[in-house]
Structures are given as structure tokens and as C-alpha cells.
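# Structural features, examined
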Amino acid sequence: MNKKILLAGTLSLFSVLALAQDAPKASKENTFEIQAKGLGNSTWLFNKNISDIGDEQNYANSIGVAYGLGFNAYFGKVGVGIEGLMGNHLGSYVGKLEFKDSTGTVYKTTDYKSSINLQTIQIPLMFKLKSDILYFELGPQYNIISSATYKYSGDGFSMDTVVTSDYASSFISAVMGFGAKIKFGESPLSMNVGLRLQYGLTDLKGVDALGNDLGDALVYKDKSSTNAATGGIVLSLNYQIGKKKK
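Residues numbered from 1 in each chain as written. Predicted model: local features only at pLDDT ≥ 70, side-chain atom pairs only at ≥ 80, totals over all residues. Heavy atoms only, no water.

## Observations concerning the nonpolar core
Short version of the rule: Here, the term nonpolar core denotes a set of buried Ala, Val, Leu, Ile, Met, Phe, Trp, Tyr and Cys residues that are joined through side-chain atoms within 4.5 Å. Working definition: with a 1.4 Å probe on protein chains only, accessible area under 20% of the residue-type maximum means buried, over 50% means exposed, and in between means partly exposed. Runs of H or I in DSSP of at least four residues are treated as helices and runs of E of at least two as strands, each being numbered from the N terminus. Pairs of residues are marked as contacts when any of their non-hydrogen atoms sit within 4.5 Å.
Counting residues in each nonpolar core, the largest one holds 20 residues, and the members touching the most others are Leu-45, Tyr-93, Ile-116, Leu-118, Tyr-150, Tyr-167 and Leu-204. Looking at this core, the elements that each hand over two or more residues are β4 (78–100), β5 (106–130) and β6 (134–154). It is β6 that contributes the most residues to this core, four residues altogether. If we skip the residues at most four places from it in the chain, Ile-116 touches Leu-45, His-89, Leu-90, Gly-91, Tyr-93, Thr-149, Tyr-150, Tyr-167 and Val-207. Ala-66, Leu-85, Tyr-135 and Val-234 belong to the second-largest nonpolar core, a separate cluster that totals five residues.

See the structure below:
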């Protein structure tokens with residue numbers, strides 16, 4: 001967790017410094033943007049109890065997507081933005097199960113894969129800085145979980161079951177993004193290409209890699225929170241309302 005905070009802080013510092021160097025003389029003209037955007041993310045669901053188990057439950061990378069609309073209001077180089085995004089957040093796992101006889105001798109091992117697919121609605125509220133080329137954004141995001149599906153496959157056996165009731169109905173996350181704008185001449189249209197990082201601040205609850213309830217005291221003596229994390233590419237097509245002064 002400390003490494004994640006250090007990385008986020010370092011990236012924030014570099015982004016702000018780059019904006020400061022790139023920024024021309026400040027303009028006080030108000031401008032507005034309407035955005036159509038899509039995100040492709042590496043997605044994870046972290047829980048300390050899963051992390052501590054070992055080879056029986058290991059994290060695996062997975063890909064989630066989101067898409068929707070955004071609106072930004074800029075007052076000179078500083079602004080605020082809000083978005084409405086629909087998508088999914090995957091938590092994937094791999095592991096090795098050991099079967100032992102009465103003497104404790106392992107007589108069989110089984111490799112398996114499992115995943116949790118969360119269908120989400122994301123509403124980020126972002127503080128924004130921009131120059132003619134670069135942008136930086138930071139803020140909270142409210143996430144609604146509309147459904148959760150657990151999948152398991154291994155040793156010729158598979159299952160697919162709904163586990164929505166095991167998860168929180170919503171959670172709050174912190175979001176940071178930075179990137180560059182590609183202009184289309186003097187047109188009000190432009191494109192943003194950037195990176196966006198997210199880390200959950202509140203507990204999602206849920207199930208482990210084997211489908212066990214993470215809140216079950218018979219399985220896990222010490223309860224630990226589940227935190228969503230993503231990092232990935234964001235693309236947006238922008239339409240600007242209000243022209244810069246010459």
C-alpha cells in the first residue's frame with residue numbers, strides 16, 4: 001500500500017511540474033467540454049486474507065472496460081469535471097489445491113482458475129488542471145455495483161454463480177489521471193490520450209478465489225477489507241464550447 005501511495009504521489013508531482021512548464025500565459029476565459037470516452041484497465045481485487053494464503057490463492061491480471069460521457073468546466077487552466085461510466089471490474093485468481101489422506105500425505109493436486117465479474121456504474125468528480133497540451137485530474141469516484149458473478153474452472157469441473165448479495169452495493173475510490181490532448185486544427189474537436197489510476201477506499205466485502213464469503217468468521221478469523229484497484233488507458237473525444245482568446 002505504501003508503494004502505491006508513493007507511486008501515485010510521484011506521478012502527481014511529475015504531472016503538475018510538466019503542466020507548469022508547458023503552460024503559456026494564463027487565460028481567464030471560461031470553456032466547457034463534452035466528452036465521449038472509453039477506458040481499458042488492468043483490474044484487481046485485493047484482500048489481505050487472500051494475499052496471505054500462498055499458492056492456494058494467487059492474484060492474476062484481468063482486463064475490464066468502461067465507457068460513457070463526461071462534462072468539464074474550465075476557468076482558465078483550472079476546472080472541474082463529472083462523468084457517468086458503465087463497465088465492469090474483474091478480479092481474477094489462479095491456485096493449486098492439495099488433497100491429503102488421513103496421514104497428511106498429499107495424494108493429488110489440482111490447478112484452477114476463478115474470477116469475479118462486477119458490473120459497475122462509475123461517477124467520478126474530478127479536479128482538473130490543463131495546459132495547451134497536457135492535463136492532470138484528481139478526485140473521488142462513487143461506484144455502484146449492479147451485479148457480481150463468480151466463475152470457477154479446474155480438473156474438469158466448472159461453475160458459474162451469482163454472488164451479488166456478498167458484495168457491497170457501492171464503494172468510494174480515489175482516482176488520478178494524466179495525459180495529453182491531440183488537437184484537430186482549429187476545430188472544436190480534439191482527442192485526449194492518457195492514463196488513469198484508481199484505488200478503492202471502502203470495503204467491497206465479497207468472496208475469495210474459491211467462492212468463500214470473506215466475512216465468514218469460520219473461514220477467516222480476522223476480517224480484512226477488499227479493495228478494488230485499476231490502472232489503464234483512457235481515450236476521449238472532446239467537443240469544446242467557447243473559444244480561446246487570440
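## What to know about the pairing of strand β8 (residues 170–183)
For the record, the criterion: Two strands make a pair as long as DSSP finds a minimum of two bridges between them.
Pairing geometry for β6 and β8, over 11 bridges, is antiparallel. Residue pairing across strands places Glu-137 opposite Gly-177, the latter belonging to β8. Across 11 bridges, β8 lies against strand β9 (residues 189–200) in antiparallel orientation. The residue of β9 that forms the bridge with Ala-174 is Tyr-199. The hairpin formed by β8 and β9 contains five residues between the paired strands, and Gly-185 there has a positive phi angle of roughly 60°.

## Notes on the packing of aromatic side chains
This is how it is decided: Any Phe, Tyr or Trp ring, taking Trp's six-membered ring, that has another such ring centre within 6.5 Å forms a pair; planes under 30 degrees apart are called stacked, those over 60 apart edge-to-face, and the others tilted. The rule is short: NZ of Lys or CZ of Arg within 6 Å of the ring centre and within 35 degrees of the ring normal puts a charge over the ring.
Per the counting criterion, the structure on display carries six aromatic pairs. Ring plane angle 15° and centroid distance 6.1 Å describe the contact between Phe-32 and Phe-71, whose orientation is recorded as stacked. Remark: Phe-71 occurs in strand β3 (residues 62–75) and Phe-32 occurs in strand β1 (residues 30–47); sequence separation between them is 39 residues. Each ring, one from Trp-44 and one from Phe-46, has its centre 6.0 Å from the other, and the planes form 10°; the classification is stacked. Judged by relative accessible area, which is 24%, Trp-44 ranks as partly exposed. The ring of Phe-99 carries the charged tip of Lys-108 above its face, separated from the ring centre by 5.7 Å. One cation-aromatic arrangement involves Lys-130 over Tyr-74; the distance from NZ or CZ to the ring centre is 4.2 Å.

## A word on empty space enclosed by the protein
The condition is simple: Buried and open spaces are told apart on a 1 Å grid over the protein atoms alone, a cavity being a set of points where a 1.4 Å probe fits but cannot get out and a pocket being an open set with protein on both sides within 12 Å along at least five of seven lines. Residues with an atom within 4 Å of a point are the lining residues. Grid points are joined across faces, edges and corners, and a volume is the space filled by probe spheres set on the points. Basically, the charged four are Asp, Glu, Lys and Arg, the nonpolar ten are Ala, Val, Leu, Ile, Met, Phe, Trp, Tyr, Cys and Pro, and anything else, Gly included, counts as polar.
Taken as a whole and assessed by the stated rule, the structure comprises four cavities of 30 Å³ or more. The computed volume of the largest cavity comes to approximately 130 Å³. Contributing to the lining of the largest cavity are 18 residues, with Glu-33, Gln-35, Tyr-74, Tyr-135 and Asn-192 lying nearest its centre. Tallied by class, the residues present in the lining of the largest cavity amount to five nonpolar, five polar and eight charged.

## Regarding the pattern of salt bridges
Note the cut-off: By convention in these notes, a salt bridge is any Lys or Arg side-chain nitrogen within 4 Å of a carboxyl oxygen on Asp or Glu.
For the coordinates displayed, the defined rule picks out 10 salt bridges. Between Lys-108 and Asp-155 there is a salt bridge; the shortest N-O distance is 3.0 Å. You can see Lys-108 sitting in strand β5 and its partner Asp-155 sitting in the loop between β6 and β7 (157–162), a full 47 residues away along the chain. By relative accessible area, Asp-155 is classed as exposed at 52%. The shortest N-O distance in the salt bridge between Lys-223 and Asp-203 comes to 2.8 Å. Separated by 20 residues along the polypeptide, Lys-223 in the loop between β9 and β10 (226–241) and Asp-203 in the loop between β9 and β10 bring together distant segments of the chain. Given a relative accessible area of 56%, Lys-223 falls into the exposed group. Salt bridges sharing partners connect three or more residues here, namely Lys-37, Glu-83, Lys-128, Glu-137 and Arg-196.

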